[in-house]
Amino acid sequence: MSGVEIAVELVALVVAVLLVTAAARKLDWSAPLCLIAVGVVASYVPGVPEYELDPEVVLLGLLPPLLYATAIRTSLIDFRRNRGPILLLSVGLVIFTTAAVGVVAWLVIPGLPLAAGLAIGAVVAPPDAVAATAVARKVGMPRKLTRLLEGESLFNDAAALVALRTAIAAIAGSVSLLQVGGDFLLAAGGGLVIGFAVGALAALIRTRLEDPVTDTALSLVVPFVAYLAAEAIHGSGVIAVVVAGLILGHKAPSMLSGRSRLASRLNWQTIQFLLENIVFLLIGLQVRRIMTEVGDSGLTALELVLICAATLAATIVTRIVWMAGIGLARRVFRRHAWPWRYSAVIAWAGMRGVVTLAAAFVLPADTPQRAVLVLVAFVVVAGTLLLHGTTLPVLVRRLKLPPPDPAEDALQEAAVLHDMTRAALEELEKIRTPEDPDDIVERLRSRLQHRSDSAWEELGRQSALSETPSDAYRRLRLRLLEVEREKFLEARDSGMADDDVLRRILERLDIEESMLDREEETVPDSDRELRTPAATAGSCKHLTKEWPAVEPSSPDECAVCVENGMTWVHLRECVKCGNVACCDSSPGKHATEHFHDTLHPVMRSHEPGETWRWCFVDKQLG
């Protein structure tokens, strides 16, 4: 095949992915499922080239960057907090699925050795993170569930590939239990060591890089270096990539510049989108070749249907049984258990994907009934995507699982930004010198305070003003940027300035616009009470004190603002005396003024549906 033909086919794949995903998004359908369906249909269209999904290309060329893209966005703090459940899913469940599905395949496929059955069990064992988290984000699944599924998917591929390697060795000859344990320990230990080493070395180098292009280029190499180095010592390349990604993602805020982080984030999102969707399209394009090979197996159509149905059912049931067993064991031993609704969703979030099909093609050519095993793997991938992918959103809605609350997110954001602003203002007072112009210092103060105030303004939507000060600033500044860009285009077209100068100016405009152009927040339902989340709950003595109930001084206005002819943004209420006054985003800032006059330490929100409180003394939410 010529280079031109290869280029045309790659372009065709990318264009097909863009068209199908855009259509799926518009129709609110599952993009992975649509891509597989389009691939299946296209595989039977005359003239469409036969794409052969080389397992080495997937395992070495596609899997490392996909895992790395997920790992750098995974919180190392959350991973440590949930490491127990994640290991139960990513290692325990993979081993259980390998054994259970392997026995079922051994029983239903004529002439299949048990070792080959365990091999197909290992192939179908690891669920796919891409499909599960896509559904999770779509239906607004609780973040703890999403993190458990993401954490599971980061390490289950490693456990499954180690199990597959052992099963393939068993097909060729005898394998002792001691050898199995040694292989697993070597894979896990080698992957961890290489992952830590590559992650630490890459972090050391990237800390010294200032050019975003060079930094991004280095980040593209990291997953492949980690994978190849680990595999060279017979360790798990998957574990090495994941560990390196977790380390670099955790260190990114302290080791990279803002420009480097923005460039890296955008580049990796683009890479992940293209790779994962191209793979689903390629899975569908394999169908014609798979069916051709199965035709030589000697099995009837009915036998093939029964084999595929039994293996698919075993794959689904083993996950349900495992989750039920974990829930029962935790209750018997009186350990903290997941809510049963969480267990139900995790049990039903077992979509398979690229690793399953790639692993199927890894099976040696002389494996008994290899074509049938590859077909089984495809049916499990397509079947779980169809069954789980279409019904999981319905299950989540029926169980009434609480989605992430944008209002609570805004409250946490406001609390963190407030602490950051206070620390920055304190540092400003320490570092300023008599030679620093007062207007510059005041401009810095205003900019810091504006950022904090705008975050607090996002909390309430039912206020005396139809538009908050931050909203007005954003609207006016965006309009001014449009005018500036028009003048920029005039300068470019007239040749007033050099192109390098113009590019620097445009970059400045783009950065400022990206900071202003916020996504619209979802307004919480009026009957949902906005309480302080546990993650931001304060623990100071003023917040933990039981304050007696008092009558608010006004139901819906700041009396001082009314008296002075002023307006307010949001209202706050003193929990000690009930005084209602305006917030710090309002011109008067009368709630803070009330604290300074009376030293009453705690105020609460006086907006409908909000019960969060703030301690002026300890600067804490509660």
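Keep in mind it's a predicted model, so treat the numbers as computed, not measured.

K.L.:
How would you sum up the overall build of the chain? Please name residues and give values.
P.N.:
Across its full length, the chain holds 24 helices and five strands. Split into buried and exposed, the 622 residues of the chain put 46% on the buried side. A separation threshold of at least 6 residues defines the contact pool for the chain, and within that pool the share at least 24 residues apart is 76%. On the chain, roughly 31300 Å² of surface is accessible, and the fraction owed to carbon and sulfur atoms is 62%.

K.L.:
Give a detailed account of helix α5 (residues 83–108), specifying residues and quantitative values.
P.N.:
In this model α5 runs 36 Å from its N-terminal to its C-terminal C-alpha over 26 residues, within 8% of the 38 Å that 1.5 Å per residue would give. Of the positions making up α5, those classed as buried are P85, I86, L89, S90, G92, L93, V94, T97, T98, V101, G102 and A105. On the buried face of α5, the contacting elements are α4 (76–81), α6 (114–124), α8 (143–172), α14 (301–332) and α15 (340–348).

K.L.:
Residues and numbers for unusual backbone geometry, please.
P.N.:
Positive phi outside glycine occurs at H234, with the angle close to 65°. In this fold, H234 is placed in the loop between α10 (212–232) and α11 (237–255).

K.L.:
Residue-level account of the pattern of salt bridges, with values.
P.N.:
All told, the structure shown has 19 salt bridges when counted by the stated rule. The salt bridge partner of R432 is D438, with a shortest N-O separation of 3.1 Å. R432 gets classed as partly exposed once you look at its relative accessible area, which sits at 27%. The class of D438 is exposed, set by a relative accessible area of 57%.

K.L.:
Explain the packing of α6 against α8 residue by residue, including any values.
P.N.:
The interhelical angle for the contact between α6 and α8, taken along N-to-C directions, is 165°, at an axis separation of 8 Å. As judged from the angle between their axes, α6 and α8 are roughly antiparallel. α8 is crossed by α6, and the crossing has left-handed handedness. Within the contact between the two elements, α6 uses A115, A116, L118, A119, A122 and V123 and α8 uses A160, A163, L164, A167, A170 and I171. For the contact of α6 with α8, the residue count by class is 12 nonpolar, no polar and no charged.

K.L.:
Kindly report on the nonpolar core, identifying the contributing residues and their values.
P.N.:
Ranked by size, the top nonpolar core spans 118 residues in total, and within it I120, V123, M141, L164, V238, I283 and V345 carry the most contacts. If one sorts the elements of this core by residue count, helix α17 (residues 370–398) sits on top with 13 residues. Of all hydrophobic cores here, the second largest spans 12 residues; its members include F595, W612, W614 and L621.

K.L.:
Can you lay out the state of the cysteines for me, pointing to particular residues and giving the numbers?
P.N.:
Applying the stated rule across the entire model yields zero disulfides. You can see C582 has no disulfide; the closest cysteine sulfur is in C561, sitting 3.7 Å from it.

K.L.:
Please set out the environment of G284 residue by residue, giving values where relevant.
P.N.:
Considering the arrangement of structural elements, one finds G284 in helix α12 (residues 258–285). Here G284 falls in the buried class, since its relative accessible area comes to 0%.

K.L.:
Residues and numbers for the side chain of H606, please.
P.N.:
With respect to the element layout, H606 can be found in the loop between β3 (602–605) and β4 (613–615). A residue is classified by how much of its surface remains accessible, and H606, at 16% relative accessible area, is buried. At a separation of 3.1 Å, a polar atom in the side chain of H606 contacts the side chain of E573. Contacts of H606, omitting those with residues within four sequence positions, involve P552, S554, P555, D556, L571, R572, E573 and V580.

So, how was this worked out
- Residues numbered from 1 in each chain as written.
- Predicted model: local features only at pLDDT ≥ 70, side-chain atom pairs only at ≥ 80, totals over all residues.
- Heavy atoms only, no water.
- Helix = DSSP H or I, 4+ residues; strand = E, 2+ residues; numbered from the N terminus.
- Buried < 20%, exposed > 50% of the residue type's maximum accessible area, 1.4 Å probe, protein only.
- Contact = heavy atoms within 4.5 Å.
- Areas by Shrake-Rupley, 256 points an atom, 1.4 Å probe, with all protein chains shown as cover.
- Expected span 1.5 Å × (residues − 1).
- Salt bridge = Lys/Arg side-chain N within 4 Å of Asp/Glu carboxyl O.
- Axes fitted to C-alpha atoms, helices over the stretch in contact; angles between N-to-C directions.
- Parallel < 35°, antiparallel > 145°, perpendicular 65-115°, else oblique.
- Left-handed = near helix turned anticlockwise from the far one by under 90°.
- Nonpolar A, V, L, I, M, F, W, Y, C, P; charged D, E, K, R; others polar.
- Core = buried A, V, L, I, M, F, W, Y, C linked by side-chain atoms within 4.5 Å.
- Disulfide = S-S within 2.5 Å.
- Polar contact = N/O pair within 3.5 Å; in protein donor to acceptor, adjacent residues only side chain to side chain.

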